[in-house]
2 protein chains.
Amino acid sequence: MKEERLRAILEAIKPLDELAMAKARERENKLTKPLGSLGRLEEIAVRIAGITGMTMPDVEKKAVVVFAADHGVVAQGVSLYPKEVTAQMVMNFVRGGAAISVLSRHCGAKLIVIDVGVAAELPQHEGLILRKIAWGTRDLSTEPAMTREQALEAIGIGVEITEMLVNEGVRMIALGDMGIGNTTPSAAIAAALMGKPAREVTGRGTGLDDERYEHKVAVIETALNLHRPNPDDPIEVLSKVGGFEIGALVGVVIACAARRIPVVLDGFITTAAAAIAFRMQPLVQGYMFAGHISLEPGHRLLLDWIGLEPILNLNMRLGEGTGAVLAMHVIDAACKLLSQMATFDEAGVSGPVA
Amino acid sequence: MKEERLRAILEAIKPLDELAMAKARERENKLTKPLGSLGRLEEIAVRIAGITGMTMPDVEKKAVVVFAADHGVVAQGVSLYPKEVTAQMVMNFVRGGAAISVLSRHCGAKLIVIDVGVAAELPQHEGLILRKIAWGTRDLSTEPAMTREQALEAIGIGVEITEMLVNEGVRMIALGDMGIGNTTPSAAIAAALMGKPAREVTGRGTGLDDERYEHKVAVIETALNLHRPNPDDPIEVLSKVGGFEIGALVGVVIACAARRIPVVLDGFITTAAAAIAFRMQPLVQGYMFAGHISLEPGHRLLLDWIGLEPILNLNMRLGEGTGAVLAMHVIDAACKLLSQMATFDEAGVSGPVA
């Protein structure tokens, strides 16, 4: 994707529809329940009205997009698992045996997996889209993870996949990721965008011990010192210390906002992508929901920075979109309550005593 | 129900199946995900294994039971809504227009509503079971809410409904309530069982202002001073300051525990019922899940007292089973993950690097 096209999409993003939100709020107050008693479900439904421009929005047709890629920095020993696991897990996703496969079925969401940079040749498979940019990124602790062109290509793929889904009738999209080692670029992005020290945004990923955790922090510090990515140029941040799957997720976020489709973040990696999109265009914040809060310390910091409150808190730290797809079910519930509940008048139910 | 029959059911309740839990934990550790990365979903699935005695439990067939009754104490002005709303909402439930109707459909749970004491003649309707004990309880601030026989009758109805559902193949039950004014008996029960002052466990229900809130606290204090219910005799607590729907919910909790069926609490009212059951037989704790945490202050205190951690926190305060049915979907997800995910061996995925 050309930088001009990206700029055009970002400029197409508009604020939430305040009129639709006011009408949805008015309807919430007429439904057969005490005022405000559905709590966050009411806020969620009202925001979906603002996103979609509809007073009684229908977001039942849902999809989870999982972008997969490998990371050169894994050579530095920042992950507990070997990088082969990325390709193995992609096949596990599409064969139905992974957590996200089970949860997508359970929540009635279509699952698609997109190879944007797995360091292995993947076979054709239903539910798998092959759009490999390269066989993994370069080692961000010694050189830029990718070129600026590759960063734009990744974003472009995210935009394109979103367009495809929206044209199929999908009305809500959850973000997922797969990439052994990808909490490292996510922490580097978080540190670069928020101007925080690496340690504050670095967690134990899939379960590092103390020694390897210290090493991971040092690797991220090295990368930040080497590249000094400019937070005012989010594409530079992405290309120097990011990942291909993170770039594609940036594309999904901005395309969802441009098409007025709610987009649900998962854990730390998808939120790092969302933070890049937010830095490009702050209006995307209104289109995003934080599905859950993971155990990675940088996740909470990024959510606070963007201004999002997680819907679920189940101590999950798996990625893949698992928290997002569960939250999507709650968001769908909130919209169904708004559109399907009877009003006091319709149901012949008395209101409060004067 | 005779008191001896109740005692027999309570004695039939056994501890969780530790062997099934150990096997489920072992399986969780072999599934294609980092150790422990599904967080609370793993704990939930393991406990369901302990409840059901199955390593790969299936709880997809779900039901929500909503017991409805009126409360004499409403004459004291403790509620914002007139008592007619109980009957009106029951019809709204079964006609599909209430929040619990929408959420039951959304979560794939069967909804049944049972009149155990609504102060109105209700018509026959699909999904509605008529088992009225009386036209509402008596005013607990001036006399016992019900007789000891009525309390046992209410519990018996809950047991019977549970038996019916379990025999139909239902494998998980969510608790719901409808009864204008029923946060007042719930607060009285909470105060009596935990030995706490009324103010600490009393909330604003459907939305009382300061003045009416103070009045509600005073009414509950009056009732507690009048009856001095003995916390060592939970049936006495129920009969003096309880409600018919609360009694029936007690029956569901103990019958679920006896039949090894997971039971999901909703808000303050269902948790007050659960607390009575817990006081009768502490082993019921293992069979219960706290669906969510409501805004009623007594709810958190009761959950802590029983030893339960809520699954969801969405600032809801509606009752009807709305928080419970959403949580039931999460519990079902946890069980499907345990039973349907592939192991590392099955999926050919590499484990952590040595």
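With respect to the packing of helix H5 (residues 99–107) of chain A against helix H14 (residues 322–340) of chain A
Residue and element names in this part refer to chain A.
- Between H5 and H14, the shortest axis-to-axis distance is 9 Å and the interhelical angle comes to 5°. Judged by the inter-axis angle, H5 sits roughly parallel to H14. Contacts between H5 and H14 involve Ala-99, Ile-100, Leu-103, Ser-104 and Cys-107 on the former and, on the latter, Thr-322, Val-325, Leu-326 and His-329.
- In terms of residue class, the contact of H5 with H14 is built from six nonpolar, three polar and no charged.

Let's talk about the interface of chain B and chain A
- On the chain A side, the residues contacting the 54 residues of chain B number 54 residues.
- Both faces combined, the contact of chain B with chain A buries some 4600 Å², and carbon together with sulfur accounts for 64% of it.
- Seen at the junction of chain B and chain A, the total is zero salt bridges.
- Taken together, the connections running from chain B to chain A amount to 21 residue pairs in polar contact (both at pLDDT 80 or more).
- Counting only elements with at least two residues in the side of chain B that touches chain A, the list comes to helix H3 (40–52), helix H4 (84–95), helix H5 (99–107), helix H14 (322–340) and helix H15 (344–347) of chain B.
- Looking at which element gives the most residues to the side of chain B that touches chain A, the answer is H14(B), with eight residues.
- Residue composition of the side of chain B that touches chain A, by class: 30 nonpolar, 17 polar and seven charged.

Concerning unusual backbone geometry
All names here are of chain A.
- The phi dihedral of Glu-320 falls on the positive side, at around 70°, and the residue is not glycine.
- Structurally, Glu-320 is set in the loop between helix H13 (297–306) and H14.
- Take Glu-320: its relative accessible area is 2%, and that puts it in the buried class.

Quick look at the packing of helix H7 (residues 183–194) of chain B against helix H9 (residues 210–227) of chain B
All names here are of chain B.
- One can describe the packing of H7 onto H9 by two numbers: an axis separation of 10 Å at closest approach and a directional angle of 50°. Classified by the angle between their axes, H7 and H9 sit oblique to one another. Pair H7 / H9 crosses with right-handed handedness. Contacts between H7 and H9 involve Thr-183, Thr-184, Ala-187, Ala-188, Ala-191 and Ala-192 from the first element and Lys-216, Ile-220 and Leu-224 from the second.
- Residues belonging to the contact of H7 with H9 are distributed by class as follows: six nonpolar, two polar and one charged.

Here's the deal with helix H12 (residues 268–280) of chain B
Residues and elements named next belong to chain B.
- With 13 residues, H12 ought to run about 18 Å at 1.5 Å a step, and its terminal C-alpha atoms sit 19 Å apart, in line with that.
- When you tally the buried positions in H12, you get twelve out of 13 residues, the bulk of the element.
- All of the buried residues in H12 are Phe-268, Ile-269, Thr-270, Thr-271, Ala-272, Ala-273, Ala-274, Ala-275, Ile-276, Ala-277, Phe-278 and Met-280.

Remarks on the nonpolar core
- Membership of the largest hydrophobic core comes to 287 residues, with the highest contact counts inside it found for Val65(A), Phe67(A), Ile254(A), Val65(B), Phe67(B) and Ile254(B).
- Here Phe67(B) is in contact with Ile114(B), Val116(B), Ile157(B), Gly158(B), Ile161(B), Gly176(B), Asp177(B), Met178(B), Glu245(B), Ala248(B), Leu249(B) and Val252(B), once residues within four sequence places are set aside.

Points about the relation of the copies chain B and chain A
- Take chain B, turn it by 180°, move it 0.0 Å along the axis, and it overlays chain A with an RMSD of 0.0 Å. Put plainly, the chains are arranged around a two-fold axis. Nearest to the rotation axis, the C-alpha of Leu312(B) is located 3.3 Å from it, this being the minimum over chain B.
- Take the interface residues of chain B: 100% of them recur as interface residues in chain A, which is what a same-surface contact looks like.

What to know about the domain arrangement of chain A
Residue and element names in this part refer to chain A.
- Parsing chain A into structural domains produces domain 1 (3–57 + 338–347) and domain 2 (62–330).
- Taking only C-alpha atoms into account, the centre of domain 1 sits 28 Å from that of domain 2.
- Listed as interface residues are 18 residues of domain 1 and, on the opposing side, 25 residues of domain 2.
- The contact between domain 1 and domain 2 buries some 1900 Å² in all, and 67% of this surface belongs to carbon and sulfur atoms.
- At the boundary of domain 1 and domain 2, one finds one salt bridge.

Regarding the sheet that holds strand S4 (residues 172–178) of chain A
Residue and element names in this part refer to chain A.
- Pairing is parallel in the open sheet, where six strands are placed in the order S3-S2-S1-S4-S5-S6. Single-partner strands in this sheet number two, and they are strand S3 (128–130) and strand S6 (288–290). Across the sheet, the axes of successive neighbouring strands diverge by a mean angle of 25°, strand direction being ignored.
- Relative to S3, strand S2 (residues 109–117) runs parallel, the two sharing three bridges. Directly across from Asp-115, in S3, lies its bridge partner Leu-130.

Overview of the layout of surface pockets
- A volume near 300 Å³ is recorded for the largest pocket.
- Considering the residues around the largest pocket, the lining is formed by 18 residues, among which Ile311(A), Leu312(A), Asn313(A), Leu312(B) and Asn313(B) are closest to the centre.

Observations regarding the side chain of His106(A)
- Along the chain, the position of His106(A) falls in helix H5.
- Here the side chain of His106(A) touches His329(B) through a polar contact of 2.8 Å, landing on its backbone oxygen.
- Apart from the residues lying within four places of it in its own chain, the contact partners of His106(A) are His329(B), Asp332(B), Ala333(B) and Lys336(B).

Observations regarding the pairing of strand S1 (residues 62–69) of chain A
Residue and element names in this part refer to chain A.
- Counted residue by residue, S1 has eight buried out of eight residues, so it is predominantly covered.
- Burial along S1 is two-sided: Lys-62, Val-64, Val-66 and Ala-68 facing one way and Ala-63, Val-65, Phe-67 and Ala-69 facing the other are all buried.
- The pairing of S1 with S2 spans eight bridges and is classified as parallel. Pairing of Lys-62 across the sheet is with Ala-109, part of S2.
- Pairing analysis gives seven bridges linking S1 to S4, with the strands arranged parallel. Bridged to Ala-63 within S4 is Ile-173.

Some words on the pattern of salt bridges
- Scanning all chains against the criterion turns up 38 salt bridges over all chains.
- Via salt bridges that share partners, Glu60(A), Lys62(A), Asp332(A) and Lys336(A) belong to a single interconnected network.

Criteria and cut-off values
- Residue numbering note: each chain is counted from 1, following its sequence as written.
- Whichever chain is written first becomes A and whichever ligand is written first becomes 1, with later ones labelled in order.
- Per-residue local features of the predicted model are confined to residues with pLDDT of at least 70, and side-chain atom pairs are confined, for both listing and counting, to 80 or more; whole-chain, interface and lining totals are unaffected and use all residues.
- Side-chain numbers come from the whole structure's heavy atoms, not from hydrogens or water.
- Lines are fitted to the C-alpha atoms to define the axes, a helix being fitted only along its stretch in contact, and any angle between axes, read from their N-to-C directions, falls within 0 to 180 degrees.
- Note on conventions: DSSP H or I runs of at least 4 residues are helices, E runs of at least 2 residues are strands, and numbering of each starts at the N terminus.
- Should an angle fall under 35 degrees it is taken as roughly parallel, and over 145 as roughly antiparallel, whereas 65 to 115 is taken as roughly perpendicular and any remaining angle as oblique.
- Contacts: residue pairs with any heavy atoms within 4.5 Å of one another.
- Residue classes follow a fixed rule: Ala, Val, Leu, Ile, Met, Phe, Trp, Tyr, Cys and Pro count as nonpolar, while Asp, Glu, Lys and Arg count as charged, and any other residue, Gly among them, counts as polar.
- Put simply, buried area is the surface a 1.4 Å probe can reach on two separate parts but cannot reach once they are joined, added for both.
- For this analysis, a salt bridge means a side-chain nitrogen from Lys or Arg found within 4 Å of a carboxyl oxygen belonging to Asp or Glu.
- Distance and chemistry together define a polar contact, namely a pair of N or O atoms within 3.5 Å, with one atom able to donate a hydrogen and the other to accept it when in protein, and with adjacent residues in sequence counting only for side-chain atoms on both sides.
- Exposure categories follow from relative accessible area, calculated using a 1.4 Å probe and restricted to protein chains: below 20% of the type maximum is buried, above 50% is exposed, and the middle band is partly exposed.
- Whether a crossing is left-handed or right-handed is set by the direction in which the near helix is turned from the far one by less than a right angle, anticlockwise for left-handed and clockwise for right-handed.
- Working rule for helices: expected span equals 1.5 Å times residues minus one.
- Definition of nonpolar core: a set of buried residues of the types Ala, Val, Leu, Ile, Met, Phe, Trp, Tyr and Cys, connected through side-chain atoms within 4.5 Å.
- The copies were overlaid by least squares, fitting only the C-alpha atoms of residues that reach a pLDDT of 70 or more in each copy.
- Each domain's limits were defined by an automated method or a database of domain assignments.
- Two strands are said to pair when DSSP picks up at least two bridges between them.
- Using only the protein atoms, space was sampled on a 1 Å grid; points where a 1.4 Å probe fits but cannot get out form cavities, open sets with protein on both sides within 12 Å along at least five of seven lines form pockets, and lining residues are those with an atom within 4 Å of a point.
- Grid points are joined across faces, edges and corners, and a volume is the space filled by probe spheres set on the points.

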